[in-house]
Amino acid sequence: MSLKLGPAGVPLSCKGRTIVEGMDDITVLGLDAMEVQTVRTIQPQHFDQYWQAGILSWKSEFEMNMHGPYYAELLGNKRERNRTLSKMETSLQAGKIVNARHLTFHVGPYGEFEPGSAANEQVANIMSGVVERVEEVWGESENEEDYAAFPWLTEEKPSLVGIETSGRQELWGTVEEVLEVCNHVEGTVPVLNMGHIHARGFGRLRTSEDYAELFDQARETYGGSTFYCHFSGVEHRMGNTMHYTQIKKSDLKFEPFAEFLAEEGDWMDITIISDSPLLEHDAMYMRQHYDKARQRLLEIRARDERREKLAAEQGIDPEELKKKEIEAAEARKAQQEGVVEAPKEAIKAPAAQSPSKKNSKMISFEDGKDEDDIF
Amino acid sequence: MEDSDGSVGNIGMVCLGGPNRIDGASKTCINASKLGAEVRYILEGEGHEWSFDQGGIEWSKELGPAHWLVNCSSTPLMSENAMGAWSASMTFAELEGTKTVMVIDSPEGDSEFGSSWGLVIERIRQIHLIFVHPNALRAISAAEGIPTSDLLEEIRSRSLVPIVCTYNSISGSVIEHALGRICATSNSGIEPLQWLAGLLCHLPKVGSGITGLEEAAMVAGRKKWAGLK
């Protein structure tokens with residue numbers, strides 16, 4: 001399994017603001033990917049730092065990716081579509097220079113279409129044009145001499161075009177729609193924005209089984225094993241994303257995803273980009289949880305192996321030995337609880353509150369939290 | 001509701017405005033202070049310059065129990081340290097649970113405004129309330145290619161910032177939020193940053209639901225509330 005993690009943009013803690021400085025900081029933090037944000041018009045002066053970033057990523061194992069325009073209207077009228085395509089063109093030109101492995105695009109509102117096959121077909125047609133354009137921009141291998149400064153153009157495959165799931169009901173981009181289009185258009189990859197999927201599915205991602213179901217659906221429909229994901233905490237309401245939050249403050253937890261990846265993610269080649277308000281902090285939080293889940297899994301496996309070995313030595317069934325171990329553990333636990341019960345009662349005072357927020361005389365936003373709280 | 005003496009009391013704000021107090025964040029906090037809010041200025045006193053030691057700021061302590069961290073878009077252009085402090089303040093505010101307000105100052109030069117707006121966009125997910133000064137509306141509209149009439153709605157829907165608002169003394173306030181739009185007319189003649197100060201002082205008291213937001217917007221537009229005769 002290959003798992004790459006990184007922030008969406010230059011880390012917040014980075015003193016410099018260039019992409020290369022951001023890459024250095026990300027590497028120091030033990031992360032290995034970045035998604036460059038081209039949310040605004042790219043100026044020609046940016047191309048020099050893009051190329052430097054491309055060279056750095058080419059010489060290291062660092063994965064660069066690029067996010068296209070945030071606002072897209074691919075299903076709109078001709079004028080709206082062309083305006084979006086011209087913004088996308090800039091992103092894919094920049095993606096070439098930066099050696100982007102994935103280019104992420106939104107589709108936007110359903111526009112004149114109803115959700116269904118006609119809209120999906122239209123998106124598939126547009127996206128196959130985008131894939132062709134990416135290949136065209138990437139260039140022909142015969143032109144190798146012209147591309148001496150861009151070694152990845154001849155030695156790497158062109159960027160994959162990522163189609164992102166959307167977080168609002170009025171936007172094209174349910175999981176089903178994205179997987180269907182990616183299944184039909186070679187060169188595309190689903191961009192599973194977990195926050196969006198969770199919000200649009202009314203809080204559907206709660207356990208590792210929910211993630212297993214999602215990726216099973218992806219495996220059955222799309223068939224590929226390459227995935228590109230966004231992860232952030234999210235506030236949601238009525239199936240719509242309200243706003244992004246840090247992971248710890250959201251009902252979308254990373255632990256179940258980490259558990260799923262550790263236990264069942266061996267077949268996957270996955271990149272996870274943190275687009276939370278705490279970009280690199282939350283990316284590191286995710287890395288820690290994934291490492292913990294891996295560690296726990298290895299411990300369980302080691303225990304099972306040990307049990308099998310012991311059972312074989314004692315000539316009993318491993319299941320029987322497991323049962324005995326559980327009984328012994330329960331007895332131990334009961335004994336310990338009996339010992340600590342008295343002191344526990346004694347310290348049953350209210351939990352200490354954070355001095356900074358809770359003990360203050362100031363009014364708290366949380367005190368009168370409304371049903372329709374904007375925050 | 002305001003207290004019987006008309007002051008808001010118990011509303012905490014932390015301001016990362018300039019030492020000369022002429023930027024949007026400082027002006028907002030000066031107005032809020034007049035209304036009774038407890039304001040803590042990160043850059044205190046005259047003689048302070050933008051070349052301060054940003055690494056020496058203890059953000060957890062400074063933010064403490066404050067409701068709002070008030071920043072403005074022009075700060076990061078002042079110096080490297082200002083830029084560092086501006087960035088760090090929003091990250092710490094996110095961690096501490098203090099909500100960040102970003103005042104989009106009126107532009108002084110086109111190129112500078114483009115850079116400052118670009119920096120705001122990079123941090124947009126850490127911002128809870130954006131106030132666009134009426135003089136800045138046109139500049140952002142030009143930079144983003146969006147008509148002024150749709151601008152606030154577009155900024156909100158693209159960035160998912162919970163509240164995006166503006167105010168001018170002629171047409172009143174427009175607030176775009178996660179559940180729709182609130183428009184309130186006002187003929188009180190108060191200044192945009194006075195209105196913002198009123199909103200920030202009132203919002204924590206009435207709750208950040210739609211009714212609370214409506215009430216806060218309305219009260220903020222009153223002459224009496226803004227401390228005008």
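Quick notes on the rules
- Residues numbered from 1 in each chain as written.
- Chains lettered and ligands numbered in written order.
- Predicted model: local features only at pLDDT ≥ 70, side-chain atom pairs only at ≥ 80, totals over all residues.
- Heavy atoms only, no water.
- Helix = DSSP H or I, 4+ residues; strand = E, 2+ residues; numbered from the N terminus.
- Buried < 20%, exposed > 50% of the residue type's maximum accessible area, 1.4 Å probe, protein only.
- Contact = heavy atoms within 4.5 Å.
- Areas by Shrake-Rupley, 256 points an atom, 1.4 Å probe, with all protein chains shown as cover.
- Buried area = accessible area lost by both parts, 1.4 Å probe.
- Salt bridge = Lys/Arg side-chain N within 4 Å of Asp/Glu carboxyl O.
- Polar contact = N/O pair within 3.5 Å; in protein donor to acceptor, adjacent residues only side chain to side chain.
- Nonpolar A, V, L, I, M, F, W, Y, C, P; charged D, E, K, R; others polar.
- Core = buried A, V, L, I, M, F, W, Y, C linked by side-chain atoms within 4.5 Å.

Participant: Quick question: what am I supposed to make of the overall build of chain A here?
Facilitator: Across its full length, chain A holds 11 helices and 10 strands. Here chain A holds 375 residues, and the buried ones make up 48% of them. For chain A, restricting intrachain contacts to residue pairs at least 6 apart in sequence, the fraction spanning at least 24 positions comes to 75%. Carbon and sulfur atoms make up 49% of the accessible area of chain A, which amounts to about 18,700 Å² in all.

Participant: I would appreciate a short explanation of the interface of chain A and chain B in the present structure.
Facilitator: A common measure of how large an interface is: the accessible area buried when the components associate. Contact with chain A, which involves 34 residues of that partner, is made by 50 residues of chain B. For the pair chain A and chain B, the summed buried area comes to about 3,800 Å², and 59% of that belongs to carbon and sulfur atoms. Across the contact surface, chain A and chain B share 1 salt bridge. Of the charged contacts, one joins Arg125 of chain B and Asp275 of chain A as a salt bridge, the two residues approaching to 3.2 Å between their closest N and O atoms. Connecting chain A to chain B are 5 residue pairs in polar contact (both at pLDDT 80 or more). The element best represented in the side of chain A that touches chain B is strand β9 (residues 240-245) of chain A, accounting for 4 residues. Of the residues assigned to the side of chain A that touches chain B, the class counts are 14 nonpolar, 8 polar and 12 charged.

Participant: Got a minute to help me understand the side chain of Gln246 of chain A in this structure?
Facilitator: Along the polypeptide, Gln246 of chain A turns up in the loop between β9 and α9 (255-264). When neighbours within four sequence positions are excluded, Gln246 of chain A is seen to be in contact with Gly233, Ser276, Pro277, Leu278 and Asp282 of chain A together with Glu94 and Leu95 of chain B.

Participant: Would you mind going over the nonpolar core with me for this structure?
Facilitator: Note that soluble globular proteins tend to have their nonpolar side chains buried in a common cluster. By size, the foremost hydrophobic cluster in this structure holds 83 residues, and its most contacted members are Met194, Phe215, Phe257 and Ile272 of chain A. Ranked by the residues each element gives to this core, the list is headed by helix α4 (residues 117-138) of chain A, at 10 residues. The contact partners of Phe257 of chain A, leaving out residues within four places of it in the chain, are Met194, Tyr211, Phe215, Cys229, Phe231, Ile270 and Ile272 of chain A. Among the nonpolar cores identified, the runner-up in size contains 39 residues, and Leu69, Val120, Val132 and Ile155 of chain B belong to it.

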